[in-house]
Structure formats: structure tokens, C-alpha cells
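Given next are the chains, with one letter for each unit.
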Amino acid sequence: LQCIHRQPEEKWTLEKLSRAAGLSRSAFAEKFKNVMGMSPMLYLTRWRMSLAKIALREGGLSLVEIAEQVGYQSDSAF
């Protein structure tokens, strides 16, 4: 969670997250789902969307800037 929350713009994969946690991919995915109730990648997407929603409400940034800030390569991918 710390990795996702500190760097939501990072190109996170299950492998990168599990490596950061010091676990195998399968062990990490299972533990994450047991604790959080969803897969790590679903959590990542939801976290990014939460951050984007806040940024959109606050204004001041373009859609492209918000997309990049939360980890998307382009506004169309966002």
C-alpha cells in the first residue's frame, strides 16, 4: 500500500509490487486480496481514480496533467 500511495504514477505491475513486499507474486496477490478484499491491480486502479476525482474537483490541472499524475500515459488511456 505504501508503494501505491507514495507513487501512484509508477508503472506498477504485480511483479513490481510483490518484489517491493518481498513476496512471490502469488503469495502477495493472495495476502493482498485477503486483507484488502480485492486484487492489488484493482486497488491500484481505484486509488488512481480517487486521486483523479480529487484533482478534477480542485481544478487547476488539465486532464492530461491529471492523467499523468495518476499513472496514465495519456488522457485517452485515462
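Owing to the predicted nature of the structure, the values given are computational and were not obtained by experimental measurement.

Engineer: Would you mind going over the overall build of the protein chain with me for this structure?
Structural biologist: Assigned secondary structure in the protein chain consists of five helices and zero strands. Reading the secondary structure of the protein chain in the N-to-C direction produces α-α-α-α-α. Expressed as lengths along the three principal axes of its C-alpha atoms, the size of the protein chain is roughly 40 × 20 × 20 Å. For the protein chain, buried positions account for 24% of its 78 residues. If the 11 positive side-chain charges of the protein chain are averaged to one point and the 8 negative ones to another, these points end up 9 Å apart.

Engineer: Would you mind going over the layout of surface pockets with me for this structure?
Structural biologist: A water-sized probe, rolled over the atoms, reveals where empty space remains. By volume, the largest pocket is sized at about 200 Å³. Lining the largest pocket are 13 residues; nearest its centre among them are Leu1, Gln2, Ala21, Phe28 and Phe32. Counting residues per element, the ones that place at least two in the lining of the largest pocket are helix H1 (2-6), helix H2 (14-21) and helix H3 (25-36). It is H3 that contributes the most residues to the lining of the largest pocket, five residues altogether. In terms of residue class, the lining of the largest pocket is built from 11 nonpolar, one polar and one charged.

Engineer: How should helix H4 (residues 40-58) be read in this particular structure?
Structural biologist: For an α-helix, 3.6 residues make a turn, and residues three or four places apart therefore share a direction. The terminal C-alpha atoms of H4, which comprises 19 residues, lie 27 Å apart, in line with the 27 Å expected from a rise of 1.5 Å per residue. By the burial criterion, the buried members of H4 are Pro40, Tyr43, Leu44, Arg48, Ala52 and Ala55. Buried residues along H4 sit in contact with H1, H2, H3 and helix H5 (63-69).

Engineer: I'm lost on the pattern of salt bridges in this one. Help?
Structural biologist: Where charged atoms from two side chains of opposite charge approach closely, those side chains can pair. In the structure shown here, the tally under the stated rule is three salt bridges. Note that glutamate 10 and lysine 16 form a salt bridge whose closest N and O atoms lie 3.0 Å from each other. On the basis of relative accessible area, glutamate 10 is assigned to the partly exposed category, the value being 24%. Looking at lysine 16, the relative accessible area reads 30%, which means it is partly exposed. One salt bridge in this structure joins arginine 19 and glutamate 15, with 3.4 Å as the shortest N-O distance.

Rules and cut-offs
Going along each chain's sequence as written, the residues are numbered from 1 onward. Given that the model is predicted, a residue must reach a pLDDT of at least 70 before its local features are reported, and side-chain atom pairs must reach 80 or more before they are shown or counted; all residues, however, enter totals for whole chains, interfaces and linings. To get the side-chain values, all heavy atoms of the structure are used, and hydrogens and water are removed first. The way it works is that DSSP assigns letters per residue, a run of H or I at least four long becomes a helix, a run of E at least two long becomes a strand, and they are numbered from the N terminus. Remark: exposure states derive from per-residue accessible area (1.4 Å probe, protein chains only) relative to the maximum for the residue type, with buried under 20%, exposed over 50%, and partly exposed in between. For the purpose of charge, His is not counted, nor are the chain termini; Lys and Arg are scored as positive and Asp and Glu as negative. For charged residues, the charge sits on one atom: NZ in Lys, CZ in Arg, CG in Asp, CD in Glu. A cavity here means a set of 1 Å grid points, computed over protein atoms only, where a 1.4 Å probe fits but cannot escape. A pocket is an open set with protein on both sides within 12 Å along at least 5 of 7 lines, and lining residues have an atom within 4 Å of a point. Grid points are joined across faces, edges and corners, and a volume is the space filled by probe spheres set on the points. Side-chain classes follow a simple rule in which Ala, Val, Leu, Ile, Met, Phe, Trp, Tyr, Cys and Pro form the nonpolar group, Asp, Glu, Lys and Arg form the charged group, and the remainder, Gly included, forms the polar group. One fewer than the residue count of a helix, multiplied by 1.5 Å, yields its expected span. When checking whether two residues touch, look at their non-hydrogen atoms; a contact exists if any pair is within 4.5 Å. We define a salt bridge as a side-chain nitrogen of Lys or Arg found within 4 Å of a carboxyl oxygen belonging to Asp or Glu.

Purely geometric numbers; function is a separate question.
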